[in-house]
Amino acid sequence: MRHLIDILELSVEEIDELVAVANDIIANPEKYQEKCRHKKLATLFFEPSTRTRLSFEAAMYELGGNVLGFSEAQSSSSAKGESVADTIKVVSSYADIIAMRHPKEGAPMVASMKSDVPVINAGDGGHNHPTQTLTDLLTINREIGHFDNITIGFCGDLKFGRTVHSLASALSRYENVKMIFISPEELRIPEHILKETLEPAGIEYVETTDLMQYMGELDVLYMTRVQKERFFNEADYIRLKDSYILDLEKVHCMKEDACVLHPLPRVNEIAIEVDEDPRAKYFIQAKCGKYIRMALILKLLEIK
Ligand code: NCD
């Protein structure tokens with residue numbers, strides 16, 4: 001039985017396969033509509049979510065399956081003090097597969113050790129978010145066509161932004177990928193990702209506080225929200241929240257075929273006017289999330 005807790009558990013070949021299946025689902029949705037008949041997905045969300053939870057649920061419905069779950073910790077027995085381990089033991093006797101989001105880093109991993117069915121990490125604290133990365137990779141595949149030979153800028157909260165941690169790790173396995181990490185000093189990418197993942201893979205990277213410095217070189221600009229819920233003190237959040245605001249004037253300095261991505265939700269970091277620019281791909285990206293999650297559910301349930 002396979003779980004998905006960290007994106008690096010999937011080989012490059014498996015990622016190619018998931019992307020290919022997702023592209024086939026987009027082209028031929030009717031082929032897939034009965035694949036998960038009588039299967040149940042449990043969505044256990046101990047933290048807020050719009051896209052991740054709803055795209056998982058839509059994915060299971062489009063495969064002909066059913067969904068059960070909860071969307072806030074307060075409506076589950078965790079509010080009564082139940083442990084993640086006990087919740088999972090029980091839920092894995094009701095469902096065939098589980099997607100779980102939790103504010104504690106490592107909670108989905110603990111869950112996977114107690115579960116009788118596959119567990120998918122739908123975001124654990126400021127740590128990882130592997131299915132957002134699959135979403136990002138499908139978008140890059142469809143919009144740019146390759147993962148090798150790209151220059152990607154990550155901008156915003158690189159410290160707490162779990163989507164950044166997972167995407168940078170995933171891209172470290174491709175050839176000639178350059179990474180530009182753009183953040184305020186206090187929100188720099190964690191050192192362990194640089195030292196333990198990117199450097200051993202020979203990834204060329206730079207860290208800067210200046211969004212415009214490399215703008216004209218980027219193939220992908222990955223904007224992120226400052227993760228308010230991970231701050232210990234509100235004054236720091238207020239000081240840092242508007243560090244970077246991407247507006248049309250800045251987007252006009254990008255290559256014509258570059259893409260602007262954002263896992264969403266957006267707060268202030270991309271001006272609404274950017275939505276009309278052909279480089280803005282974040283709503284297409286959100287749509288990709290459903291198809292790649294369909295492919296992932298099929299893979300983990302071992303359905304051909
Ligand atoms: C992201 C998350 O939850 O980490 N959202 C998402 O899943 N699309 C990004 C964020 O909340 O800023």
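Keep in mind that this is a model prediction, so the values were computed, not measured.

### A closer look at the domain arrangement of the chain
In terms of domain boundaries, the chain breaks down into domain 1 (7-128 + 287-300) and domain 2 (130-285). For domain 1 and domain 2, the distance between their C-alpha centroids amounts to 24 Å. The interface of domain 1 with domain 2 comprises 33 residues on the first partner and 29 residues on the second. Across the interface of domain 1 and domain 2, roughly 2,500 Å² is buried in total on both sides, 60% from carbon and sulfur atoms.

### Brief notes about the sheet that holds strand 2 (residues 66-70)
As summarised here, the arrangement of the 4 strands in space is 2-1-3-4, forming an open sheet in which the pairing is parallel. Each edge of the sheet is formed by a strand with only one pairing partner; in this case those strands are strand 2 and strand 4 (119-124). Strand-to-strand twist across the sheet, computed as the mean angle between neighbouring axes with direction ignored, equals 15°. By the bridge criterion, 4 bridges tie strand 3 (residues 97-102) to strand 4 in an arrangement that is parallel. Within strand 4, the residue paired with Met100 across the bridge is Asn121. Helix 3 (residues 84-91) contacts strand 1 (40-45) and strand 3 of the sheet and is inclined by roughly 160° relative to strand 3.

### A few points about the packing of aromatic side chains
Applying the stated criterion across every chain, the model contains 8 aromatic pairs. Relative to Phe70, the ring of Phe46 lies with its centre 5.1 Å away and its plane at 85°, an arrangement referred to as edge-to-face. With Phe46 in the loop between strand 1 and helix 2 (51-62) and Phe70 in strand 2, the pair connects residues that are 24 residues apart, well separated along the chain. Looking at Phe46, the relative accessible area reads 10%, which means it is buried. For Phe70, a relative accessible area of 14% puts it in the buried group. An angle of 15° between the planes, with centres 5.4 Å apart, marks the rings of Phe154 and Phe181 as stacked. Placement of the pair is Phe154 in strand 5 (residues 151-155) and Phe181 in strand 6 (residues 178-182), with a sequence separation of 27 residues. Three or more aromatic residues link up through ring pairs in this structure, and these residues are Phe154, Phe181, Tyr205 and Tyr222. Sitting above the plane of the Tyr32 ring, Lys35 keeps its charged end 5.9 Å from the centroid. One cation-aromatic arrangement involves Arg293 over Phe56; the distance from NZ or CZ to the ring centre is 5.0 Å.

Definitions and limits used
- Residues numbered from 1 in each chain as written.
- Predicted model: local features only at pLDDT ≥ 70, side-chain atom pairs only at ≥ 80, totals over all residues.
- Heavy atoms only, no water.
- Domains from an automatic or database assignment.
- Contact = heavy atoms within 4.5 Å.
- Buried area = accessible area lost by both parts, 1.4 Å probe.
- Pairing = 2+ DSSP bridges.
- Helix = DSSP H or I, 4+ residues; strand = E, 2+ residues; numbered from the N terminus.
- Axes fitted to C-alpha atoms, helices over the stretch in contact; angles between N-to-C directions.
- Phe/Tyr/Trp six-rings, centres within 6.5 Å; stacked < 30°, edge-to-face > 60°.
- Buried < 20%, exposed > 50% of the residue type's maximum accessible area, 1.4 Å probe, protein only.
- Lys NZ or Arg CZ within 6 Å of the ring centre and 35° of its normal.

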